[in-house]
Amino acid sequence: MSTDVLPTTRPAGASAGKPRTYTLRARRPYGLWIASAWVLLLVGCAVAADVLPLADPAKPVGRARQVPFHSLAPDQILGTDTYGRSVLSRVIFGARTDLLVTLCACAFGAVLGCLLGLLAGFVKGWADRAVSFLIDTLLALPPIILLIAIATILRPSTWTLTFGLTLLTVPAFARLERGAALSWAERPFVLAARSYGASGLRIAFRQILPNSLLTVITFVPTVIAGLIVAEGSLGFLGLGIPPPAASWGTMIADGRASLRIAPHEVLVPAAVVFLTVLALNTLGEKVRDRLEIRSRTG
Amino acid sequence: MAALARSLAGKAARAALVVVAVTVLTQWLLELAPGSVASVILGEAATPEEVARLDHEMGFDQPFLERYGRWLVNLLQGDLGTSPVTGQSVLGQIVDALPVTVELMVLGLSFGLLLTLVTGVLAARNPGGLADRVGTAMSSIALAVPAFVAGPVLAYLVAVRAGWLPVTGWSPISEGLGDNLRYALLPALCVGLLEFGILQRLLRADLVATMNEDFIDSARGRGVSESRLLLRHALRPASLPLLTITGLTVGRMLGGTVVVEALFRTPGLGMLLTTSISNRDLVTVSGIVALVAVGYVVINLAVDVAYVLVDPRIRIRAAS
């Protein structure tokens, strides 16, 4: 079984091919560098959005539907949308809302999921059964449908969205941490800690959790990529962050109406989503390859 | 065999529990909605008396457990209630919309599987070679193109710029297959793209790992040709996990079709869901969500069972 959040996990033995070509390619990880550079650029822009010389994303800066590069002024370099607003500044302020929401959801989900996973993988028995049942229930709803149900019934808002996205990441993190905890608990040093009288809580939080955290952290970029997709889909359906705040999904949805006359309104945010998801997936994958982490989530 | 039967029965019991939990959750969410269902239907202008009367008619003034019990009994009798907005039976609307969504998913999945088989086999012929890198790059790209990105971009390139296919709309299969396919092709492509990205990696990894096994070497020593090795000795066992994973992707694909149908105005389940949402037709929304969850759990269970029945290794492990 797989979730939307973690679609790219490779099964064990994924890179069991002929190893020679891989070591040759791994020496210069251009992919990793480019991906990191894009993510850093995006995060930098999102953080510094207020300081950068950008137009107000909610106010028009010029004539409507100007094509990209018709003017080299920073406000209009990526063109303007149907209301004459700067596409560049909307993309950057959109990055800010999108990244903030997804990072919060990922952090909440990671804490909650890791605690549940630790409980299931370390205590086992009834705790494992209870946590597995919770995960199965959450996974019984296709992710988008779950988000739609939450957003419809609780009314779309930033908080509803963060709550829904958190629910989406909990099963993924719980499974990862459960698997890691199960395997770390077998190690001799856990037995050693037990023999000098360490309590169960101490072993769980001082021995198993820190060790398994590395595995979990390498999946964070992949989870965030999945969340960006989920957030974008919801925004596209009009159930994301309510206007006038900019977000990538709503930009694409709004631009559809003028696909014929001003395709850049759709193509620019679409390209940004594509590059961001690609970069985050690459980042997670390459880091896992280098650390030789091959975890099955399904 | 008794142990096997017990393990299957355990799986079925768990699935039933999950179904109950999910349906309780969806019905309970209706309670949580701001304002009662009746006040949402009647709008802001309704007097409190009118709202109370409609709430009573629809049974929303009764305790939750009682309401849920009746809903469940009705569900078992094939009645999901009547939409207060359109006045039609919820189940009838779903039955009308389902074939369209299924068609999109089948078409999309066929496209994804076909592309997966071609690129996966080409990649496994020479791991690390050009075909392998191209295939991996294609799947990386496919994984980074969610439906809400693929949809508008494909619509722009294929429909608006080139004018090969209609942008939006639908023509039922009863009015000719050609027209039907012209409308279904683009949405199906969007749905299938992500599946290709996921399946390609699985198949490639599986094939490459199998080609390194000893029995392949021994077959090679017997003089079996490379292509026969790849297609008969590696692809045939690899296609089994591929098919079961395909079964599990149905839920994700359903999420994709919601977005794609909203974009291409395809009258499927996703469109029904989004229009019900914009009409604030919570009865229909909760009906669809509950039914999707039940369907998803049943499919997962079926895949589990099929896997156990088909793969002897799992059967032995379950029995011991």
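Residues numbered from 1 in each chain as written. Chains lettered and ligands numbered in written order. Predicted model: local features only at pLDDT ≥ 70, side-chain atom pairs only at ≥ 80, totals over all residues. Heavy atoms only, no water.

A.B. asks: Hey, could you run me through the interface of chain A and chain B in this one?
C.D. replies: The parts lose accessible area when they come together, and the size of an interface is often stated as this lost area. Opposite the 52 residues of chain A that make contact, chain B presents 54 residues. In total, chain A and chain B occlude about 4900 Å² of area from one another, counting both sides; carbon and sulfur atoms represent 74% of this. Applying the counting rule to chain A against chain B returns one salt bridge. Glu285 of chain A is the partner of Arg201 of chain B in a salt bridge, and the nearest nitrogen-oxygen pair spans 2.6 Å. (Contact = heavy atoms within 4.5 Å. Buried area = accessible area lost by both parts, 1.4 Å probe. Salt bridge = Lys/Arg side-chain N within 4 Å of Asp/Glu carboxyl O.)

A.B. asks: So what exactly am I meant to see when it comes to the side chain of Thr266 of chain B here?
C.D. replies: All names here are of chain B. Residue placement: Thr266 occurs in the loop between α11 (250-264) and α12 (269-278). Assessed through its relative accessible area of 0%, Thr266 is described here as buried. Residues in contact with Thr266, not counting those within four places in the same chain, are Val100, Leu104, Trp170, Pro187, Glu261 and Met271. (Helix = DSSP H or I, 4+ residues; strand = E, 2+ residues; numbered from the N terminus. Buried < 20%, exposed > 50% of the residue type's maximum accessible area, 1.4 Å probe, protein only.)

A.B. asks: How should unusual backbone geometry be read in this particular structure?
C.D. replies: Glycine aside, residues mostly have negative phi, and peptide bonds are mostly found in the trans state. Non-glycine residue Lys124 of chain A carries a positive phi angle of around 60°. Here Lys124 of chain A is to be found in the loop between α3 (87-123) and α4 (125-139). For Lys124 of chain A, a relative accessible area of 33% translates into the label partly exposed. Of note in the backbone geometry, Arg265 of chain B takes a positive phi value of approximately 55° without being a glycine. Tracing the sequence through the fold places Arg265 of chain B in the loop between α11 and α12.

A.B. asks: Where do I start with the domain arrangement of chain B in this structure?
C.D. replies: All names here are of chain B. By domain assignment, chain B separates into domain 1 (1-85 + 279-320) and domain 2 (96-272). Each side of the interface is counted separately: domain 1 has nine residues, and domain 2 has ten residues. Inspection of the domain 1/domain 2 interface yields zero salt bridges. Inspection of the region where domain 1 meets domain 2 yields zero residue pairs in polar contact (both at pLDDT 80 or more). A per-class count over the side of domain 1 that touches domain 2 returns seven nonpolar, one polar and one charged. (Domains from an automatic or database assignment. Polar contact = N/O pair within 3.5 Å; in protein donor to acceptor, adjacent residues only side chain to side chain. Nonpolar A, V, L, I, M, F, W, Y, C, P; charged D, E, K, R; others polar.)

A.B. asks: So what exactly am I meant to see when it comes to the packing of helix α11 (residues 264-291) of chain A against helix α6 (residues 130-143) of chain B here?
C.D. replies: A pair of packed helices is captured by two measures, namely the crossing angle of their axes and the spacing between those axes. Where α11 of chain A contacts α6 of chain B, the axes come no closer than 8 Å and their chain directions differ by 120°. In terms of their interaxial angle, α11 of chain A and α6 of chain B are classed as oblique. Crossing handedness for the pair α11 of chain A and α6 of chain B: right-handed. Contact with α11 of chain A, carried on its side by Phe274, Val277, Leu278 and Asn281 of chain A, involves Ser140, Ile141 and Leu143 of chain B of α6 of chain B and no other residues of that element. Classifying every residue of the contact of α11 of chain A with α6 of chain B gives five nonpolar, two polar and no charged. (Axes fitted to C-alpha atoms, helices over the stretch in contact; angles between N-to-C directions. Parallel < 35°, antiparallel > 145°, perpendicular 65-115°, else oblique. Left-handed = near helix turned anticlockwise from the far one by under 90°.)

A.B. asks: What is the right way to read helix α7 (residues 147-161) of chain B from this model?
C.D. replies: One turn of the α-helix equals 3.6 residues, which is why residues spaced by three or four share an orientation. Under the 1.5 Å per step criterion, the end-to-end length of α7 of chain B is 19 Å for 15 residues, consistent within 8% with the ideal 21 Å. The sharpest bend along α7 of chain B comes to roughly 30°, located at Ala155 of chain B. Counting buried positions over the 15 residues of α7 of chain B gives twelve, a clear majority of the element. Along α7 of chain B, the residues that are buried comprise Ala147, Phe148, Val149, Ala150, Gly151, Pro152, Leu154, Ala155, Tyr156, Val158, Ala159 and Val160 of chain B. For α7 of chain B, the secondary structure elements touched by its buried residues are α9 (220-236), α10 (248-255) and α11 of chain A together with α8 (177-211) and α11 of chain B. Two residues or fewer after α7 of chain B comes Gly163 of chain B, characterised by a positive phi angle close to 70°. (Expected span 1.5 Å × (residues − 1). Bend = angle between axes of the 7 residues up to and from the residue.)

A.B. asks: Is there a simple way to explain the UniProt feature "transmembrane region" (unreviewed entry) in chain A in this structure?
C.D. replies: Residues and elements named next belong to chain A. According to UniProt, the positions carrying the feature "transmembrane region" (unreviewed entry) are residues 30-49, 99-123, 130-153, 159-176, 208-230 and 266-284. Taken end to end, residues 208-230 is 96% helix and 0% strand, and its first and last C-alpha atoms sit 31 Å apart. Split by type, residues 266-284 is 100% helix and 0% strand. Its first and last C-alpha atoms lie 27 Å apart. (UniProt positions renumbered as here; feature names shortened; annotations may be inferred.)

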